[in-house]
Amino acid sequence: MAKKPRVKVPSSAKKGDVIEIKTLIPHKMETGQRKGKDGKPIPRFIINKVEVTFNGKSVITADLHPAIAANPYFSFHARVTESGTFNFTWTDDKGGKVTTSKKINVS
Amino acid sequence: MSKVIETSELKKDVSVDRRGALRLLGLGAVAATAGTLAPMRASATPESAGLLMDKLSGSKSYKSGKVTLKTPAIAENGATVPVSVSVDSPMTDANYVKSIHLAADQNPRPEVASFHFTPASGKAKVSTRLRLSKSQNIIAVAVMNDGSVYKASNLVKVTIGGCGG
């Protein structure tokens, strides 16, 4: 989980604009359906939650299941009315969290 | 001696005595466990995907329209299938999309993902990439803040499955 997520947020926008945000985090998203070389099932290990907030307020939350492809990618939108910071949190099955943030200037 | 026992055993087989009843019970037990195990081993079905959607959306009546589900007609690689869902909504405090649920009806499990929006989302649209084990229907259900539920589904043909292997 040490790998860094990639997030794209425009650096500036006009007040009231709806902007597009893209996120991708490297993760193998082990489904729990596969078997290892020893014939034993490989335990499930996925990112099960993605949360995005802007200035502390929720923008989008996603609950993920093993049917999401490896290196989960999402694009979504946000309406910005003030300058501030987007915070991104990914949570995995073992409770591990990866966070990152992006600032945006709104004029 | 042994012949006598054999004939008596045959007779017992015909009539349902204690032994026969036990044997029937045993068969019943085997059938019952097979019945409960089978759905766990087998993949999702359109029924289980439908039940999941009823549970997630808290509704059983779906309207059509509003939901646009974009999927490839043929996915060459089931390990990563691009999918995009958008819902026609102004996304204001009075009228917005609460959540979008995605399901697949032939994967090992029907659940795919649930997205929860707020008016700050600006636009009820999300794109991601899925795993599909074989050709199947992708179902998208949108729950509005007033409780109405809209549904759309698309068939995706998969040439190489993305689960297992």
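Per-chain numbering applies: the sequence of each chain, read as written, is numbered from 1 onward. Chain letters start at A and ligand numbers start at 1, both assigned in the order the entries are written. Residues qualify for local features only when their pLDDT is at least 70, as the model is predicted, and side-chain atom pairs are given and counted only at 80 or more; totals for whole chains, interfaces and linings, by contrast, use all residues. Side-chain numbers here rest on the full set of heavy atoms in the structure, without hydrogens or water.

## Observations concerning the sheet that holds strand 6 (residues 73-79) of chain A
- Strands were regarded as paired on the criterion that DSSP finds at least two bridges between them. Secondary structure elements are defined from DSSP: runs of H or I of at least 4 residues count as helices, runs of E of at least 2 residues count as strands, and each element is numbered from the N terminus. Spatially, six strands are ordered 1(A)-3(A)-6(A)-6(B)-3(B)-1(B) in an open sheet, and the strand pairing comes out antiparallel. A strand with exactly one partner marks an edge of an open sheet, and here the two such strands are strand 1 (6-8) of chain A together with strand 1 (67-70) of chain B. Here the average twist between neighbouring strands, direction ignored, is 15°.
- Pairing of strand 1 of chain B with strand 3 (residues 81-87) of chain B, which is carried by four bridges, proceeds in the antiparallel orientation. Bridge assignment links Leu69(B) to a residue of strand 3 of chain B, and that residue is Val85(B). Under this scheme, a helix contributes an axis fitted over its contacting stretch, all axes are lines through C-alpha atoms, and angles between N-to-C directions fall in the 0 to 180 degree range.

## Some thoughts on empty space enclosed by the protein
- Cavity and pocket criteria rest on a 1 Å grid covering protein atoms alone: a 1.4 Å probe that fits but cannot get out defines a cavity, protein on both sides within 12 Å along at least 5 of 7 lines defines an open pocket, and an atom within 4 Å of a point defines a lining residue. Grid points are joined across faces, edges and corners, and a volume is the space filled by probe spheres set on the points. By the definition in use, this model includes one cavity of 30 Å³ or more.
- Of the voids in this model, the largest cavity is the one considered here, and its volume is about 50 Å³.
- Together, Val50(A), Glu51(A), Val52(A), Ile60(A), Thr61(A), Ala62(A), Phe74(A), Phe76(A), Phe115(B) and Val126(B) line the largest cavity.
- In the lining of the largest cavity, the residues fall into eight nonpolar, one polar and one charged. Classification used: nonpolar for Ala, Val, Leu, Ile, Met, Phe, Trp, Tyr, Cys and Pro, charged for Asp, Glu, Lys and Arg, polar for all others including Gly.

## Remarks on the environment of Thr71(B)
Residues and elements named next belong to chain B.
- Mapped onto the fold, Thr71 is located in the loop between strand 1 and strand 2 (74-75).
- Sequence separation between Thr71 and Ile138 is 67 residues; the distance between their C-alpha atoms is 8.3 Å.
- Whether two residues touch is decided by their heavy atoms; if any such pair falls within 4.5 Å, the residues are in contact. Residues contacting Thr71, with those up to four places away along its chain left out, are Pro82, Val83, Ile138, Asn154 and Val156.
- N or O atoms closer than or at 3.5 Å make up a polar contact, with two conditions inside protein: a donor-capable atom paired with an acceptor-capable one, and, for residues adjacent in sequence, both atoms drawn from side chains. At 3.0 Å, the side chain of Thr71 and the side chain of Asn154 are in polar contact.

## Let's talk about the sheet that holds strand 4 (residues 97-104) of chain B
- Read from one edge of the open sheet, ten strands run 2(A)-8(A)-7(A)-4(A)-5(A)-5(B)-4(B)-7(B)-8(B)-2(B), paired in mixed fashion. Across the chains shown, the open sheet's two edge strands, defined by having one partner strand only, are strand 2 (12-13) of chain A together with strand 2 of chain B.
- Two strands pair when backbone bridges link them, and strand 7 (residues 84-92) of chain A and strand 8 (residues 97-106) of chain A are joined in this way by eight bridges, in the antiparallel orientation. When the sheet's bridge partners are listed, Thr91(A) is paired in strand 8 of chain A with Lys97(A).
- Its contacts with the sheet place helix 3 (residues 46-57) of chain B against strand 4, strand 5 (111-117), strand 7 (136-144) and strand 8 (149-158) of chain B, and it is angled at close to 165° to strand 4 of chain B.

## Concerning the layout of surface pockets
Residues and elements named next belong to chain A.
- Each pocket or cavity is described by its volume, and for the second largest pocket that value is around 220 Å³.
- Going through the elements one at a time, strand 5 (57-64) and strand 6 are the ones with two or more residues in the lining of the second largest pocket.
- Grouping the constituent residues of the lining of the second largest pocket by class yields seven nonpolar, two polar and three charged.

## Some remarks on the packing of aromatic side chains
- By convention, a stacked pair of Phe, Tyr or Trp rings (six-membered ring in the case of Trp) has centres within 6.5 Å and planes under 30 degrees apart, an edge-to-face pair has planes over 60 apart, and any other such pair is tilted. If you walk through the whole model with that rule in mind, you get four aromatic pairs over all chains.
- Seen in terms of ring centroids, Phe74(A) and Phe115(B) are 5.7 Å apart; in terms of plane orientation they differ by 75°. Their pairing is edge-to-face. One end of the pair, Phe74(A), is in strand 6; the other, Phe115(B), is in strand 5, on a second chain. The same class applies to Phe74(A) as to Phe115(B), namely buried.
- The interplanar angle of 20° and the centroid separation of 6.2 Å between the aromatic rings of Phe88(A) and Trp90(A) together place this pair among those described as stacked. Here Phe88(A) and Trp90(A) have matching classes, each one buried.
- Taken together, Phe54(A), Phe86(A), Phe88(A) and Trp90(A) form an aromatic cluster joined through their ring pairs.
- In this analysis the charged atom, NZ for Lys or CZ for Arg, is taken to sit over a ring once it is within 6 Å of the ring centre and within 35 degrees of the ring normal. Above the face of the Phe45(A) ring, Lys94(A) is positioned so that its terminal group lies 4.1 Å from the ring centre.
- Between Arg129(B) and the ring centre of Tyr73(A), over which it is positioned, the NZ or CZ distance is 4.3 Å. Accessible area is worked out with a 1.4 Å probe on protein chains only. A residue is then buried under 20% of its type maximum, exposed over 50%, and partly exposed in between.

## Some points on the pairing of strand 4 (residues 47-54) of chain A
Residues and elements named next belong to chain A.
- In the sheet, strand 4 pairs with strand 7 via seven bridges, with the strands oriented antiparallel. When the bridges of strand 7 are listed, Ile47 appears paired with Asp92.
- The antiparallel hairpin formed by strand 4 and strand 5 contains two residues in its connecting segment, where Asn55 sits at a positive phi of about 50°.

## A closer look at the interface of chain B and chain A
- The interface is formed by 29 residues belonging to chain B together with 27 residues belonging to chain A.
- When two parts are put together, the accessible area they lose, computed with a 1.4 Å probe and summed over both, is reported as buried area. Summed over both sides, the interface between chain B and chain A buries roughly 2,300 Å², with carbon and sulfur atoms accounting for 52% of that surface.
- Considering only the surface of chain B that becomes buried against chain A, His116(B), Arg129(B) and Arg131(B) emerge as the three largest contributors, covering 26% of it.
- Salt-bridge detection follows one rule: a side-chain nitrogen of Lys or Arg within 4 Å of a carboxyl oxygen of Asp or Glu. Here chain B and chain A share zero salt bridges between them.
- Secondary structure elements with two or more residues in the side of chain B that touches chain A: strand 5 and strand 6 (124-130) of chain B.
- Summarising the sheet, strand 6 of chain A and strand 6 of chain B pair through two bridges and their orientation is antiparallel. Bridge pairing links Phe74(A) to Thr128(B) in strand 6 of chain B.

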